[in-house]
Amino acid sequence: MPAIRLGHPLFFHNIPFEIEERQILREMRIPKKASLAELNEPAMERAIGQAIEEGYRMIEGQGVYRTLTITEIGEDRVLTRESETLFLGQKMVKLLRHCDYASLIVATIGPKIETEVDRLSGPEPAHAYFLERVGAWMADYMGIWLDRMLEREIVRAGYQRTYRFGVGYGDWPLSSQTEVMALTEAHKIGIALNEAFIMIPRLSISAVIGWQKPGTGPQSTPDPESDS
Amino acid sequence: MTPLLERLKQDILILDGSMGALLQGRGLPPGYAPDLWNLERPQDIQAVHAEYRAAGSDILLTNTFGASRRRLAEYQAEGRIREINVAGVDLARRAAAGKAYVAGDIGPFGSTIAPFGDTTFEEAVAIFREQAAILASAGVDLIAIETMFDIQEMRAALIGVREGAPRVPIMAFMTYNADGITDSGSDPETVAAVLEGFSVEIMGLNCSVGPEAMVPVLERLGRATHTYLGIEPNAGLPIHRDGKTVYPSGAEEMAAFAPAFVGAGANIIGGCCGTTPEYIRLISKRLKGTKPRRRTPSPHTRIASRTGVVPIGAGVPFVLIGEKINPTGKKLFSEAIAEGRTDLIVAEARKEAAAGAHALDVNVGVPLVDEARMMEKAVIAIGNVVSSPLVIDSSFASALESGLRIYPGRALVNSVNAEEERLEEVLPLIRRYGAAVIALLSGDDIPEKAADRMKNAEKILRAAERFGLRPEDIVFDTLALTVSAVQEAARQTLETIRLLKSEWNARTIVGLSNVSFGLPMRKTVHDTFLAMAIGAGLDGAICDPYDPLLHQTVAAASLFAGRDPECRAFIDKAAGWTPLVPQAEKGAEGTTGTAGASASKTPDHPLTTREKIERAIIEGEREAIVPLVTQALAEGSAPFEIFVEQMTPAIRKLGDLFGARQKFIPHLIAGADTMKKGVEVLQPLLEAKGPTQPKGTIVFATVKGDIHDIGKNICILMLRNFGYRVIDLGRNVAIETILETAEKEKAQIVALSALMTTTMIQMKVAVDAIRERNLPYKVMVGGAVVTPKFTTEIGADGYGKDVGEVVPLTERILAALAETGRVPEGV
């Protein structure tokens, strides 16, 4: 019987990755292009291609997830065995009301890209922008990688997954980040919070995914790229 | 009883089914470790085993799946690890009553392993070794490693089990998802290659999905290996219902798949989650008298990454091993390695893989560098970004071991030779880590004659056998000697290849670059040698993958070496090649690109410098703008004219194209950056003529609590390009600082950026402060979370949706201010 991994976070370092040109172009809101070559603009192709190659050198993908046991669905919060103050708000109640478990996921690409973006912002703003877009997509990518790893565990245990819901969205307070970081021990993958509850490195994501009993709640269309 | 491996030659054996489900029926509480019942409820455990034996199981798996030290520690039972495992074996043995084999069951150790996880490889090996030793001492007939999701954990388990239970056969099962891939990305072919490297006696798959999804995976395994195969499907995909996990496939449905399993090559069949003795009874009945299918061993050496496999040998594509990850003679590369950096290594790996290298040689040897540590870093970094198998190359056994340990695949090690010391040092590592090895046919000297090289080959083979390796674990490097120095010896290399192939069907490679050393036209020399060597039977080369002539030579020679059936690969590749000599093909024109491509046209008229400046800004050609502006100055254009009449219209035109959705934000940014670089050339010249009056002054900041600034920085770039003076206060800026600066700099506009719903409220605070103090500044706001409605609600003077709007918005605000002294709503 596949056991549900409870009680401690599960860490992933050295997450393998691929930087898809299509996704970077999408991140830059350039529509209908699947590759840099389709731009037919050598200067742009070179500039974005350079940012992608730099991304490969600088990204250090890490992530962690931890599964919590839901004990009660309240009117304005969801209680778990591990915390009664984490999942606050109507959005959390709606997301998790048919769930037995909820998994917190935190992922990052590390600090190197944003350090370089900060350095380039003054003298090379376009280069900074392209690199920042690569970093923004790849932070999402790491979240999606973790999401898919977790989804397999959810399916193997006989559940369905809910959509992924980001910390601080809707009425889930951003201040919940403090508990998210503590429960996942995210400091072990190099993530801290600043006084405004923003994760440092900035190119990081945090979210929750519920383990929903099959046939209950809305039919979840797993859209790991949606955060609300 | 007949030894298990002997039985498998003749018969299909039946495993048992799920233990957990039956124990839950006997009262095992949810979430409680079944292994603990070996001591607490032994009669129940024995009874379940007996049920399976009565149903027809030939092999009983001990109730020890979660009985490793770390798993038992979750229940504070690690101190009883020996008792629990020994009891598990004892109970199964009693139930078997001499009529079934007992397999010591080992499951995952409960966490993730390096390079993914925090547990080191050796820690994991120790955990598996301990449990395997206990099971072996208790007298199991084989060890079953089950339900592994990660190939690296499986590697640790195999090493641990071999060391803890050296004479016990191993049955190794991975768990695949419905798409036929494991959680960590390995397909069946890759798993087969890695497990064969460890000489597991039985491999297979269990858990996760039902029988129908498993058949294709088993078929792929059956084609990839001749090792005995086993399979244990779940009774379908589980569904959580009414507080329980239920499995939808019934016993009849499951048993109906049994013939398909045998057809795919299965030698051992059982069931996993959701199955009961009834399932086993029907499977056993269905397969009564059925004989196993025989499969033919592959003659290839197969190396693998976590996600891909490359075969080396006759009849498969010639293998190109990229030689460029090597610091020898490369100053920058050596410096990067000395600093512990992997960026240049990663860049080279990606480049080699993109150039068509099938595998990558990794050498990080720099004097005084901790090569073992650097090899580990390099192997991890490369594995994150390319899927090519690696050749781990070092003179130091410690560096080889460091790379082999962390590498989640089957590596090829470069290298051993016939010297006893090197063989003693390296071959045990090959055995331990399931690798393959390049064997140089040199010893104390480099033999000239083929016959002498063959003697070294024999010596190496005998040593390999002593260390438990097989001929398929060795790839011979036949020594491509420098033809200009030892011409006959170079010819003997070809003879050696022929002998190794014809007499042993051995795998061969060479290090290609040596052969042409000291001669002109080196590429012609070594590529010709390569063609001749492929004709003699060579299987691979360590070479320069960036040489297009080499790729063409290999593809053409492969046509004559049985490596390209129906010439398909050659035809596909040839479409993109540059012919080296005129091919006289109909329709072929020009010397580049695909056949039939027309030559580039010359423009009807050359572009003027002004037109080129416009193009550079619109196309974002940052490298081109400085020489063009310099050219314009040299042609007599005044600096102010260049800025106002050439560059500014260009950036405006770019803005119009953006508005028409023919260009997008990245184009705006690249164009603005290009203009900035051009302006930097003009700035000192403009300033020499006296201070210029800016069109307006703007104080710009990201609000307090917010640390995002990339959008703000691009907006500032745009404004400065258009002649505005912008004071950039950075991010996370307090209101007071913004207002003090605005007063000091006599700004007309305060511009605020926020990216978060929790920080945008600071914009209202700023507007309120300005109004309450009757300050003259206009406020414009922007950022991903800001909306026109919010802008109106807080009383700001203008809203910019994105970087494309910041200049027009500023112009409107200042124009309105100039006209009326105030800014109307909706600006």
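Residues numbered from 1 in each chain as written. Chains lettered and ligands numbered in written order. Predicted model: local features only at pLDDT ≥ 70, side-chain atom pairs only at ≥ 80, totals over all residues. Heavy atoms only, no water.

Student: Help me out: how do you make sense of the sheet that holds strand β1 (residues 13–14) of chain B in this one?
Tutor: Consider a sheet: its strands pair through backbone hydrogen bonds, and that pairing is either parallel or antiparallel. Residue and element names in this part refer to chain B. Taken in spatial order, the eight strands line up as β1-β10-β7-β6-β5-β4-β3-β2 in an open sheet, and their pairing is parallel. Either end of the sheet is taken by a strand with one partner, and the two such strands are β1 and β2 (59–61). Note: strand β6 (residues 202–206) against strand β7 (residues 228–232), five bridges, orientation parallel. Bridge assignment links Gly204 to a residue of β7, and that residue is Gly230. (Pairing = 2+ DSSP bridges. Helix = DSSP H or I, 4+ residues; strand = E, 2+ residues; numbered from the N terminus.)

Student: What's the story with helix α4 (residues 42–55) of chain B in this structure? I'm lost.
Tutor: Residue pairs spaced three or four apart in an α-helix point in one direction, given the helix's 3.6 residues per turn. Residue and element names in this part refer to chain B. With 14 residues, α4 extends 20 Å between its outermost C-alpha atoms, agreeing within 8% with the 20 Å of an ideal straight helix rising 1.5 Å per residue. Residues of α4 that are buried: Asp44, Ile45, Val48, His49, Tyr52 and Ala55. Mapping the buried residues of α4 onto a view down its axis gives an arc of 135°, with all of them on the same face. Those residues of α4 that are buried are in contact with α2 (20–25), α3 (37–40), β2, α6 (81–96) and α13 (277–286). (Expected span 1.5 Å × (residues − 1). Buried < 20%, exposed > 50% of the residue type's maximum accessible area, 1.4 Å probe, protein only. Arc of directions from axis to C-beta. Contact = heavy atoms within 4.5 Å.)

Student: In this structure, what is going on with the nonpolar core? I would like to understand it.
Tutor: In summary, soluble globular proteins display a tendency toward joint burial of nonpolar side chains. Residues A:Ile48, A:Phe130, A:Met138, B:Ile143 and B:Leu195 are the most contacted members of the largest nonpolar core, which totals 243 residues. With 18 residues, helix α5 (residues 125–156) of chain A is the largest single contributor of residues to this core. Core analysis: the next-biggest nonpolar cluster, separate from the first, contains 27 residues, B:Ile735, B:Ala747, B:Leu752 and B:Tyr777 among them. (Core = buried A, V, L, I, M, F, W, Y, C linked by side-chain atoms within 4.5 Å.)

Student: Looking at this structure, how should I read the side chain of B:Thr741?
Tutor: Residues and elements named next belong to chain B. Mapped onto the secondary structure, Thr741 falls in helix α29 (residues 735–745). Among the residues examined, Thr741 registers a relative accessible area of 14% and is labelled buried. Separated by 2.7 Å, the side chain of Thr741 and the backbone oxygen of Thr737 make a polar contact. What Thr741 contacts, discounting residues up to four positions off in sequence, is Val699, Ile727 and Leu729. (Polar contact = N/O pair within 3.5 Å; in protein donor to acceptor, adjacent residues only side chain to side chain.)

Student: Sorry if this is basic, but what is going on with the pairing of strand β10 (residues 266–269) of chain B here?
Tutor: Consecutive side chains along a regular strand alternate between the two faces of the sheet. All names here are of chain B. For β1 and β10, the ladder comprises two bridges, and the chain directions are parallel. In the strand pairing of β10, Leu13 is matched with Ile268. Alignment of β7 against β10, held across three bridges, turns out to be parallel. Across the sheet, the residue bridging to Leu229 is Ala266, located in β10.

Student: What exactly am I supposed to notice about the pairing of strand β15 (residues 390–393) of chain B here?
Tutor: All names here are of chain B. The alternating pattern of β15 places Leu390 and Ile392 on one face and Val391 and Asp393 on the opposite face, and all of these are buried. With three bridges joining them, strand β14 (residues 359–362) and β15 adopt parallel strand pairing. Bridging across to β15, Asp361 finds its partner in Val391. The parallel pair β14 and β15 is bridged by helix α16 (residues 371–385), and the resulting crossover is right-handed. Here β15 pairs with strand β16 (residues 412–416) via three bridges, running parallel. Its bridge partner lying in β16, Asp393 is registered against Asn414. In terms of handedness, the path from β15 via helix α17 (residues 397–406) over to β16 forms a crossover that is right-handed. (Right-handed = clockwise from strand over helix to strand, strands pointing away.)

Student: Just to check I follow, could you spell out the interface of chain B and chain A for this structure?
Tutor: Interface size, as often reported, equals the accessible area lost upon joining of the parts. Contact residues are listed per partner, giving 58 residues for chain B and 54 residues for chain A. Buried surface at the junction of chain B and chain A, summed over both partners, amounts to about 4,900 Å²; 58% is from carbon and sulfur atoms. Three residues stand out in chain B for area buried against chain A, namely B:Phe116, B:His240 and B:Asn384, and they jointly supply 14% of the buried area on that side. Seen at the junction of chain B and chain A, the total is eight salt bridges. A salt bridge links B:Asp183 to A:Arg152; the shortest N-O distance between them is 3.7 Å. (Buried area = accessible area lost by both parts, 1.4 Å probe. Salt bridge = Lys/Arg side-chain N within 4 Å of Asp/Glu carboxyl O.)

Student: It is not clear to me how empty space enclosed by the protein should be interpreted in this structure. Could you clarify?
Tutor: A probe matching the size of a water molecule, rolled over the atoms, marks out where space remains unfilled. Residues and elements named next belong to chain B. Within the structure shown, the criterion is met by one cavity of 30 Å³ or more. In this structure, the largest cavity spans a volume of roughly 90 Å³. Elements with a minimum of two residues in the lining of the largest cavity: α9 (188–197) and β11 (301–304). Looking at the lining of the largest cavity residue by residue, the classes come out as one nonpolar, four polar and five charged. (1 Å grid on protein atoms, 1.4 Å probe; cavity = no way out; pocket = protein on both sides within 12 Å on 5 of 7 lines; lining within 4 Å. Points joined across faces, edges and corners; volume = space filled by probe spheres on them. Nonpolar A, V, L, I, M, F, W, Y, C, P; charged D, E, K, R; others polar.)

Student: Teacher, can you tell me more about the environment of A:Trp137 here?
Tutor: All names here are of chain A. The residue Trp137 is located in helix α5 in this model. The exposure class of Trp137 is buried, given its relative accessible area of 5%. The spacing of Trp137 and Gln23 is 114 residues in sequence and 7.2 Å in space, taken between C-alpha atoms.

By themselves, these figures tell us nothing about what the structure is for.
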